Amino acid sequence: MKIAVTAASGRLGRVLLAKLVRDLGAGSVIGVARDPGKLDVASVEKRAGDYQSLESMAEALAGVDVVVMISAPVTPGTDRVAMHRNVIEAARRAGVRKLVFTSVIGDGDAQDTMFAGTRAVNQQTESDVQASGLDWIVARNGFYLELDLGHIVLADQRDGIYRNNAGDGRCGYISIDEIAEATARLAISDDCNGEVLNIIGETVSQAELIELANAVFGLKVRYEPMSAEDNVARFMQDERIAARGEEVARMLTGAFQCIASGDLDVRPDFERAAGRPAKPIRQQMEEHREALG
């Protein structure tokens, strides 16, 4: 069996490649990226494939049995639905049997939030995958635990206050490593074909997330809610986010709006996907701390 991971040079892609190599051996794993030179997983076959080019993706997926399509990042000026459709059509042309799509948790349309556009892309792609004629799985990932941990640590270094507009809402945070564990099994096994799964374990509020981070990392941070518009302004003060544009700042703020509304407090399907329960969030934090040295 040959399994390809697209957008494989990103955070999730690199870890997923390593999990698949562990389980299947390097000869069964293919990393596809717009710039294959950025793939640093040793011994894996590396192929060039651009979501914006149907032809390049069809070539990249030649001889592949299963493809994991990691969703394209939100980038102003790009048509992510069309990009995902290129991958789906390329998989069909290449004779791929099964496609696993990494989506994002949340069941509503998010119309009252700044996340509505991103949710619409995810929902349309999920529909396209299900109508593709391929065997399929939609894996809706929880929010990357490591990213929010980084912001909490920065808050500790600044004024000790972590601010956003999530309020008391709960969200399924999960580490990239745990997501990769579940996704690798979904790619290899056909037990969950035809299912939409939430790749999360427990859900937590922002205050609970901070309390855990304080205990694990020795921080002294407290949570302070703020308005959505103030959070957009806060994001735009971050040089990395500002460089990607206000659309990205509003999308990120919209994600916190979804937390506040309860839209991301969904049922956990991690055990069904991975074959074992998700590690407690505190344990995931401790493992991240150890990885940082």
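Undergrad: Got a minute to help me understand the overall build of the protein chain in this structure?
TA: Helix and strand counts for the protein chain stand at twelve helices and 13 strands. For 293 residues, the compact-globule estimate of 2.2 N^0.38 gives 19 Å, and the protein chain sits close to it at 19 Å. Taken over 293 residues, the protein chain has a buried fraction of 52%. A separation threshold of at least 6 residues defines the contact pool for the protein chain, and within that pool the share at least 24 residues apart is 76%. Entry remark: accessible area of the protein chain is about 12,500 Å², with carbon and sulfur atoms responsible for 46%. Taking the average location of the 33 positive side-chain charges in the protein chain and that of its 44 negative ones, the two points are 3 Å from each other.

Undergrad: Help me understand the packing of aromatic side chains in this model?
TA: Going through the model one piece at a time under the given rule, you end up with two aromatic pairs. Here the aromatic rings of Phe143 and Tyr173 are separated by 6.2 Å at their centres, their planes lie at 85°, and the arrangement is edge-to-face. With Phe143 in strand 7 (residues 143-144) and Tyr173 in strand 10 (residues 173-174), the pair connects residues that are 30 residues apart, well separated along the chain. With relative accessibility at 1%, the residue Tyr173 sits in the buried group.

Undergrad: Sorry, what's going on with the pairing of strand 2 (residues 29-33) here?
TA: Side-chain positions along a regular strand alternate between the two faces of the sheet. In terms of burial, strand 2 is largely enclosed, as five of its five residues are buried. Every second residue of strand 2 is oriented toward a common face, with Val29, Gly31 and Ala33 on one face and Ile30 and Val32 on the other, all of them buried. With three bridges joining them, strand 1 (residues 3-5) and strand 2 adopt parallel strand pairing. Following the sheet pairing, Ala4 is matched in strand 2 by Ile30.

Undergrad: How do you make sense of the environment of Leu54 when you look at a structure like this?
TA: Here Leu54 lies in helix 2 (residues 54-60). The exposure class of Leu54 is buried, given its relative accessible area of 13%. Spatially, the C-alpha atoms of Leu54 and Asp148 are 34 Å apart, while their sequence positions differ by 94 residues. Here Leu54 is in contact with Asn86, Glu89, Ala90 and Arg93, once residues within four sequence places are set aside.

Undergrad: I tried to follow the side chain of Asp269 on my own but got confused; where do I start?
TA: By the element assignment, Asp269 lies in the loop between helix 10 (246-261) and helix 11 (270-274). You can call Asp269 buried: its relative accessible area is 10%. At 2.9 Å, the side chain of Asp269 and the side chain of Arg267 are in polar contact. Sequence-distant contacts of Asp269, that is, excluding residues within four places in its chain, are made with Val196, Leu197, Asn198 and Ile200.

Undergrad: Got a minute to help me understand unusual backbone geometry in this structure?
TA: Excluding glycine, a negative phi dihedral is what most residues carry, and trans is how most peptide bonds are arranged. The backbone of Ala7 shows a phi angle near 50°, a positive value even though the residue is not glycine. Inspection of the secondary structure assignment puts Ala7 in the loop between strand 1 and helix 1 (11-24). Phi at Ala110 takes a positive value of approximately 55°, unusual for a residue other than glycine. Residue placement: Ala110 occurs in the loop between strand 5 (98-104) and helix 4 (116-130).

Undergrad: Is there a simple way to think about the environment of Gly77 in this case?
TA: As for its position among the elements, Gly77 is in the loop between strand 4 (66-70) and helix 3 (80-94). For Gly77, a relative accessible area of 84% corresponds to the exposed category. Distance in space between the C-alpha atoms of Gly77 and Glu247 is 9.9 Å, their sequence separation being 170 residues.

Undergrad: So what exactly am I meant to see when it comes to the sheet that holds strand 6 (residues 135-141) here?
TA: Sheet strands associate in pairs through backbone hydrogen bonding, adopting either a parallel or an antiparallel arrangement. An order of 3-2-1-4-5-6-11 is seen for the seven strands of this open sheet, with the pairing classed as parallel. Only two strands of the sheet have a single neighbouring strand rather than two, namely strand 3 (45-48) and strand 11 (196-199). Averaged over all pairs of adjacent strands, the angle between their axes in this sheet comes to 20°, without regard to strand direction. Of the strands in this sheet, strand 4 and strand 5 touch helix 3, which is tilted by about 175° from strand 4.

Undergrad: Explanation requested: the side chain of Thr125 in the structure shown.
TA: With respect to the helices and strands, the residue Thr125 is situated in helix 4. Exposure remark for Thr125: the relative accessible area of 0% places this residue in the buried category. Of the polar contacts made by the side chain of Thr125, one reaches the side chain of His84; its length is 2.9 Å. Sequence-distant contacts of Thr125, that is, excluding residues within four places in its chain, are made with Met69, Val81, His84 and Phe101.

Undergrad: Which parts of the structure should I look at to understand the nonpolar core?
TA: Ranked by size, the top nonpolar core spans 56 residues in total, and within it Val5, Leu17, Tyr51, Met69, Leu99, Leu186 and Ile199 carry the most contacts. Aside from chain neighbours lying at most four places away, what touches Leu17 is Val5, Ala8, Val29, Ile30, Gly31, Leu39, Val41 and Val44. Membership of the second largest hydrophobic core comes to 38 residues, among which are Ala155, Ile200, Cys258 and Ile281.

Conventions and cut-offs
Residues numbered from 1 in each chain as written. Predicted model: local features only at pLDDT ≥ 70, side-chain atom pairs only at ≥ 80, totals over all residues. Heavy atoms only, no water. Helix = DSSP H or I, 4+ residues; strand = E, 2+ residues; numbered from the N terminus. Rg over C-alpha atoms; globule rule 2.2 N^0.38 Å. Buried < 20%, exposed > 50% of the residue type's maximum accessible area, 1.4 Å probe, protein only. Contact = heavy atoms within 4.5 Å. Areas by Shrake-Rupley, 256 points an atom, 1.4 Å probe, with all protein chains shown as cover. Lys, Arg positive; Asp, Glu negative; His and termini not counted. Charge placed at Lys NZ, Arg CZ, Asp CG, Glu CD. Phe/Tyr/Trp six-rings, centres within 6.5 Å; stacked < 30°, edge-to-face > 60°. Pairing = 2+ DSSP bridges. Polar contact = N/O pair within 3.5 Å; in protein donor to acceptor, adjacent residues only side chain to side chain. Axes fitted to C-alpha atoms, helices over the stretch in contact; angles between N-to-C directions. Core = buried A, V, L, I, M, F, W, Y, C linked by side-chain atoms within 4.5 Å.

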